[in-house]
Amino acid sequence: MPFASVINVLLALLLAPLLPGVINRVKAFFAGRRGQPLLQPYHDILKLLRKGAVYSRTTSWVFRAGPVLGLAAAMVSLTVLPLGGTPAVLAFPGDLLLFAYLLGLMRFVTMTAALDTGSAFEGMGASREAWFSMLAEPALLLGLAALAVHTGSLSLSGMLDGLALAEIGGPGAPLLLLVAVAFGIVLLTENARIPVDDPNTHLELTMIHEVMVLDHGGVDFGFIQYAACLKLWALAALLTGVLLPPLSGWRPADMALGVALILAVAVMVGVIESVMARLKLARVPQLLVAASVLSVLALALVLR
Amino acid sequence: MLWLLLLIPTGAGLLAMTLRRQARLRRWLLLATAAAHAALTALAWFFRPEPVLYGWLGLDHASLLFLSITSSLFMAASAYTAGYLRREPPRKTDFQEGLLFTDAPEARFVGCLLLFLATMTLVAESRHLGLLWVGVEATTLASAPLIYFHRHHRSLEATWKYLLICSVGIALALQGNFFLAVAAKGTPEVHLTIEHLMAGSRQLDPLWLKAAFLLLLVGYGTKMGLAPMHTWLPDAHSEAPSVVSALLSGALLNCAFLGILRVHAIMGAAGLGDFSSQLLIGLGLVSMAVAAVFIIEQADFKRMLAYSSVEHMGILSLGAGLGGLAGMGSMLHLVNHSFTKAMLFLLAGNILAAYRTKSTRQVRGLLQALPLTGPLWLAGFLAIAGSPPFGLFVSELIILKGALQGGHVLVATAYLLALGVIFAAMARSVLQMAYGTPEGAVPGPARVQEAWAVLPPMALGAIVLALGVYMPPWLQTALSDAARAAGVH
Amino acid sequence: MPTALDLLGVLLILANLRLLGSSRLAACIRAVALQAVILGAAALLANLPDLDARVVIIAVASTGLKAGALPWLLRRAIRESGAVREIEPFIGFTASLLVGVGLLGLCFLIGSPLSAHVAAGSGLLITVSLFTTATGLLVIVSRRKAVTQVLGYLAMENGIYAFGMAFAIQEPLLVEMGVLLDVFVAVFVMGITIYNISREFDHIDTDRLSALKD
């Protein structure tokens with residue numbers, strides 16, 4: 001029903017900034033602190049929206065367009081994502097490619113905006129981002145391909161509809177677990193989380209994502225933060241869609257379950273950030289290749 | 001009797017390892033076990049024992065031949081060893097690099113020698129291919145400590161190479177065994193005994209059988225020293241003590257050959273004999289070619305002997321692949337080569353002790369300095385290179401005749417070419433060593449010309465000479481029986 | 001149950017990839033030990049309806065040996081030699097992973113038609129067993145440290161054992177025990193040799209053992 005799907009999107013738009021709050025709270029808990037309030041990201045974004053921005057003379061329209069286009073891409077990607085068994089607003093066969101490439105578009109405009117500043121640090125961050133995303137893309141696409149072959153549907157809504165964790169005793173269980181792990185690694189990579197990137201670092205030489213958005217301020221930065229939250233929500237929704245438990249069939253309960261699972265993913269990310277250290281930059285490609293290998297394995301299992 | 005042949009060396013070996021301080025007792029144990037083993041083997045020629053252990057252990061004609069060679073070589077080797085161990089000082093200077101090293105504990109050496117004999121007996125006696133595999137791997141493990149007797153870095157390197165390469169090869173042979181078992185799934189009873197496989201050979205799946213043969217050839221071929229899997233051979237033979245090299249070349253390589261022959265026989269019975277023959281001929285020629293290339297200008301005479309082993313294993317493989325008359329020739333060649341190579345290695349040990357160098361360029365005037373070892377060395381070279389009146393000439397001629405009779409002219413040409421190159425290359429090194437005036441530090445004749453150092457090689461050489469001159473009819477029957485049992489007739 | 005065997009097969013593939021991609025020696029040893037445990041479990045599961053003493057003995061003995069005794073031996077060898085990490089292999093860790101994936105594809109190509117020959121449920125096991133053997137060979141060929149080469153040998157043996165299990169090849173108990181004993185003594189002797197190598201050379205890098213040549 002389109003109405004329920006619209007609720008989907010509204011929930012995402014409303015609750016996405018909650019995810020970084022949950023992650024920070026979990027990290028504070030592990031560190032023995034009380035930590036920021038859960039709604040802190042909302043305050044931060046609203047604060048940024050009230051501020052002005054300073055633009056360097058070396059930048060052009062690309063720099064100004066970057067955050068806007070990124071936010072637009074993130075919002076559109078929400079429209080093809082199902083949640084808790086409810087199909088997406090704009091579901092159509094092949095929308096999984098649209099999803100993957102909307103994420104790619106977000107990445108692209110961020111990188112070009114960073115390169116547009118002409119600064120060395122942003123360029124360095126952009127090149128690292130390009131390298132890691134390139135290695136993570138096979139993991140995402142091959143995993144989606146494996147799911148598509150397994151469920152026989154080329155639409156995200158159709159795919160995630162057909163999966164249920166009740167298959168744990170069935171032949172599809174290893175496939176789902178492999179794809180879930182691969183998607184988990186992709187989530188950590190795309191959202192610049194440990195073990196790929198440390199969101200709290202303040203040393204430019206160690207940054208990947210942070211350094212690309214270093215020069216943005218005010219409204220632009222607010223857009224960027226919000227788009228990052230939406231991206232996290234989208235990938236988490238994809239991940240939970242793969243690992244969904246049996247659905248009860250009553251829409252409100254299922255959607256609540258979906259939201260709860262996404263929050264659980266945020267908690268997991270927080271735990272991972274707290275117990276692991278960031279990988280050496282030279283070892284990240286190995287991790288990403290391992291994720292791709294898992295996706296390849298899932299695809300091979302499905303195709304045999 | 002079969003049990004005794006296995007258990008006496010095993011028990012003696014374990015016992016020897018515990019006798020840490022009674023050196024004389026150990027050496028007597030070694031000699032006594034060798035004698036007992038030889039006596040039992042000789043007895044088996046007259047009173048053929050029945051198969052035991054559900055028919056997994058038994059002696060057919062081929063097994064008996066291989067076992068006899070092993071037994072007699074071990075007798076000669078143990079006589080040499082007893083004197084060798086008595087003479088070795090506890091701390092020595094390495095001849096090549098001047099570093100000090102010690103030997104491994106003698107108890108371990110003697111114990112492993114006896115266990116080595118036991119494992120080779122197991123290989124010869126096995127009628128079950130799985131048990132055969134266990135035996136071959138066990139020979140690798142029993143002989144590795146023997147190579148590391150002189151404890152310095154070169155022998156350690158040789159030991160590691162030997163261990164790893166042979167173990168990997170034999171693991172591939174295990175895979176081949178399993179392929180064979182899958183091939184046998186069509187037969188009423190899936191048993192990997194030779195009898196069952198030969199009886200049900202027509203029902204074996206040909207594709208699996210071919211794949212199994214390939215793996216078993218590569219696997220056991222690694223152990224046998226066929227090129228290109230021979231890379232462990234020169235290193236292990238040059239760094240091990242001469243007695244161990246003699247046993248490795250003379251007895252161990254044969255055991256691996258027996259494994260290959262068993263499967264070749266099954267292939268022949270299943271009608272795939274052409275496939276296996278071609279592979280054997282191919283690998284045989286490659287081995288001879290590789291040996292020929294590496295023997296030229298070989299600076300180390302023990303390595304030269306090792307490459308000669310590769311060559312002769314190639315000849316054996318060639319003969320087995322050609323089959324018929326050449327097959328019988330390869331059985332004769334087996335006997336001849338084992339005795340000759342063992343003799344040569346024991347003599348090499350004497351030369352090494354006298355001249356303190358392994359270099360063919362530095363050893364001169366053997367005939368003058370060592371009046372007993374020198375002529376024997378020259379005679380041994382003539383024998384191994386295949387000149388009359390020694391036995392190897394006869395066997396190589398028979399193989400050549402078999403090749404030409406079968407119409408394999410190209411094969412025969414390549415065979416002769418390789419033999420010629422090896423003859424010339426070895427002649428150059430050996431003649432340079434034998435003639436001239438001695439330069440290296442040569443101790444008094446008494447030390448190296450002791451009975452234990454000269455009599456075993458002399459006895460082995462005499463046998464080879466006798467076989468070249470006169471072939472006793474009982475031996476002829478035994479060889480053709482063995483050839484038939486091994487499937488190369 | 002077919003799916004449980006499938007799950008074990010996937011776990012085995014992951015253990016192999018771990019072996020290929022990991023540079024820490026302790027992780028490699030754990031991967032090979034995991035292989036042995038998986039195979040032991042698979043042996044028991046595959047015969048679950050008619051479990052007899054022979055199967056149980058072999059499964060327990062092989063798991064105990066290959067997952068308990070041999071890793072302990074190798075850990076000791078590592079400790080004595082002081083080696084912790086594998087040096088970059090001849091083809092690099094990431095490249096090893098990719099080559100491993102290629103080998104996996106090849107094994108799937110070879111193994112899938114063969115699954116018609118076996119009882120239902122072990123189809124994946126044939127492919128996985130071939131892959132494990134191939135992984136072992138790749139590790140032996142491309143790594144420098146002696147300990148890793150021994151681990152590759154163990155992986156090869158595990159793969160061959162898995163192959164036998166997939167085809168339900170019933171070797172007599174004596175032969176199976178003989179094979180196990182051989183593998184155990186082989187790794188034991190190799191461990192002692194590694195200890196001697198580390199004492200003699202101060203490293204266990206087989207690439208540098210090149211004194212003997214023509």
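Residues numbered from 1 in each chain as written. Chains lettered and ligands numbered in written order. Predicted model: local features only at pLDDT ≥ 70, side-chain atom pairs only at ≥ 80, totals over all residues.

### Concerning the overall build of chain B
In step 1: Within chain B, the regular secondary structure consists of 20 helices and 2 strands.
In step 2: For a compact globule of 489 residues, the expected C-alpha radius of gyration is about 23 Å, and chain B comes in at 21 Å, within 12% of that figure.
In step 3: Counting only C-alpha atoms, chain B reaches 70 × 50 × 40 Å along its principal axes.
In step 4: The burial tally for chain B puts 60% of its 489 residues in the buried class.
In step 5: Within chain B, contacts between residues separated by at least 24 positions form 81% of all contacts whose residues are at least 6 apart in sequence. (Helix = DSSP H or I, 4+ residues; strand = E, 2+ residues; numbered from the N terminus. Rg over C-alpha atoms; globule rule 2.2 N^0.38 Å. Buried ≥ 20, exposed ≤ 12 C-beta atoms within 10 Å, placed from the backbone. Contact = placed C-beta atoms within 7 Å.)

### A short note on the overall build of chain A
In step 1: Helix and strand content of chain A: 12 helices and 0 strands.
In step 2: In chain A, the succession of helices and strands from N to C terminus is α-α-α-α-α-α-α-α-α-α-α-α.
In step 3: Here chain A has a C-alpha radius of gyration of 19 Å; the compact-globule value for 304 residues is 19 Å, and the two agree.
In step 4: Its C-alpha atoms give chain A principal-axis dimensions of about 60 × 45 × 40 Å.
In step 5: The buried share of chain A, reckoned over its 304 residues, is 49%.
In step 6: Within chain A, counting contacts between residues at least 6 apart in sequence, those at least 24 apart form 80% of the total.

### Here's the deal with the interface of chain C and chain A
In step 1: Taken together, the contact between chain C and chain A spans 16 residues of the former and 16 residues of the latter.
In step 2: Of all the elements in the fold, those that place two or more residues in the side of chain C that touches chain A are helix H1 (2-21) and helix H4 (93-114) of chain C.
In step 3: By residue number, the principal contributor to the side of chain C that touches chain A is H4(C), which donates 9 residues.
In step 4: Of the residues assigned to the side of chain C that touches chain A, the class counts are 10 nonpolar, 5 polar and 1 charged. (Nonpolar A, V, L, I, M, F, W, Y, C, P; charged D, E, K, R; others polar.)

### Focus on the nonpolar core
In step 1: Among the nonpolar cores identified, the biggest contains 351 residues, and A:Trp233, B:Leu247 and C:Val147 are the most heavily contacted of them.
In step 2: Residue contributions to this core peak at 20 residues, all from helix H6 (residues 153-183) of chain B.
In step 3: Not counting the four nearest positions on each side in its chain, B:Leu247 is found in contact with B:Leu73, B:Phe74, B:Ala77, B:Phe116 and B:Leu252. (Core = buried A, V, L, I, M, F, W, Y, C linked by C-beta atoms within 7 Å.)

### Focus on the arrangement of the chains
In step 1: Out of 2 pairs of chains that touch, the pair holding the most contacts is chains B and C.
In step 2: At no point do chain A and chain B touch; the closest pair of C-alpha atoms across them sits 23 Å apart.

### Digging into the packing of helix H13 (residues 325-355) of chain B against helix H16 (residues 391-405) of chain B
Residue and element names in this part refer to chain B.
In step 1: Across the interface, H13 lies against H16 with an axial gap of 8 Å and an inter-helix angle of 160 degrees. When the axis of H13 is compared with that of H16, the two are roughly antiparallel. In this structure, H13 crosses over H16, and the sense of that crossing is left-handed. Along the contact surface, H13 presents Leu-325, Ala-326, Met-328, Gly-329, Ser-330, Leu-332, His-333, Asn-336, His-337 and Thr-340, while H16 presents Gly-391, Leu-392, Val-394, Ser-395, Glu-396, Ile-398, Ile-399, Lys-401, Gly-402, Ala-403 and Gln-405.
In step 2: Here the residues of the contact of H13 with H16 sort into 9 nonpolar, 10 polar and 2 charged. (Axes fitted to C-alpha atoms, helices over the stretch in contact; angles between N-to-C directions. Parallel < 35°, antiparallel > 145°, perpendicular 65-115°, else oblique. Left-handed = near helix turned anticlockwise from the far one by under 90°.)

### Things to note about the interface of chain C and chain B
In step 1: Between chain C and chain B, the contact holds 31 residues from the first and 27 residues from the second.
In step 2: Counting residues per element, the ones that place at least two in the side of chain C that touches chain B are helix H5 (123-142), helix H6 (146-166) and helix H7 (173-201) of chain C.
In step 3: Per element, the largest residue contribution to the side of chain C that touches chain B is 13 residues, and it comes from H7(C).
In step 4: Along the lines of polarity and charge, the residues of the side of chain C that touches chain B split into 19 nonpolar, 7 polar and 5 charged.

### Let's talk about the packing of helix H12 (residues 301-322) of chain B against H13(B)
Residues and elements named next belong to chain B.
In step 1: Between H12 and H13, the least distance of the axes is 8 Å, while the angle of their chain directions is 170 degrees. On the basis of the axis angle, H12 is roughly antiparallel to H13. Here H12 contributes Phe-301, Lys-302, Leu-305, Ser-309, His-312, Ile-315, Leu-316, Gly-319, Ala-320 and Leu-322 to the contact with H13, which in turn contributes Ala-326, Gly-327, Gly-329, Ser-330, His-333, Leu-334, His-337, Lys-341, Leu-344, Phe-345 and Ala-348.
In step 2: Class assignment for the residues of the contact of H12 with H13 results in 11 nonpolar, 8 polar and 2 charged.

### Considering the confidence of the model for chain B
All names here are of chain B.
In step 1: Taken over all residues, the pLDDT of chain B has a mean of 88, while the share at 70 or more is 97%.
In step 2: When the elements of chain B are averaged for pLDDT, helix H18 (residues 445-448) gives the smallest value, 50, and H12 the largest, 94.
In step 3: This complex was scored by the predictor with a pTM of 0.87 and an ipTM of 0.93. (pLDDT = per-residue confidence, 0-100.)

### Section: unusual backbone geometry
Glycine aside, residues mostly have negative phi, and peptide bonds are mostly found in the trans state.
In step 1: Residue A:Ile194 is joined to A:Pro195 through a cis peptide bond whose omega torsion reads 10 degrees.
In step 2: Examined against the element boundaries, A:Pro195 turns out to sit in the loop between helix H8 (173-190) and helix H9 (209-212).
In step 3: Here B:Ala227 and B:Pro228 are connected by a cis peptide whose omega angle stands at 0 degrees.
In step 4: Within the secondary structure layout, B:Pro228 lies in the loop between helix H8 (206-224) and helix H9 (232-239).
In step 5: Of note in this structure, B:Glu297 is not a glycine but carries a positive phi near 60 degrees.
In step 6: Residue B:Glu297 is classed as exposed on the basis of its C-beta count, with 12 C-beta atoms lying within 10 Å.
In step 7: Its identity is not glycine, yet C:Asp202 carries a phi of approximately 70 degrees, on the positive side.
In step 8: Note that C:Asp202 resides in the segment after H7.

### Focus on the environment of B:Thr102
In step 1: Relative to the assigned elements, B:Thr102 resides in strand S2 (residues 100-102).
In step 2: Sequence separation between B:Thr102 and B:Lys92 is 10 residues, and the spatial gap between their C-alpha atoms is 6.2 Å.

### Some details on the environment of B:Ala44
Residue and element names in this part refer to chain B.
In step 1: One can find Ala-44 in helix H2 (residues 23-46).
In step 2: Its 19 C-beta neighbours within 10 Å are what place Ala-44 among the partly exposed residues.
In step 3: Remark: the alpha-carbon pair of Ala-44 and Ser-309, spanning 265 residues in sequence, is separated by 29 Å.
In step 4: Residue contacts for Ala-44: discarding those within four places in its chain leaves Met-1, Pro-49, Leu-59 and Leu-64.

### Observations concerning helix H5 (residues 129-147) of chain B
In step 1: Over its 19 residues, H5(B) extends 27 Å from the first C-alpha to the last, a length consistent with the 27 Å expected when each residue adds 1.5 Å.
In step 2: Across the 19 residues of H5(B), 19 count as buried, placing the element largely inside the fold. (Expected span 1.5 Å × (residues − 1).)

### A few points about the environment of B:Pro388
In step 1: Looking at the secondary structure, you find B:Pro388 in the loop between helix H15 (373-385) and H16.
In step 2: Residue contacts for B:Pro388: discarding those within four places in its chain leaves B:Phe393 and B:Gly468.

### Points about helix H12 (residues 284-303) of chain A
In step 1: Taking 1.5 Å per residue as the helical rise, H12(A) with its 20 residues ought to reach 28 Å, and the 29 Å between its terminal C-alpha atoms agrees with that figure.
In step 2: Across the 20 residues of H12(A), 15 count as buried, placing the element largely inside the fold.

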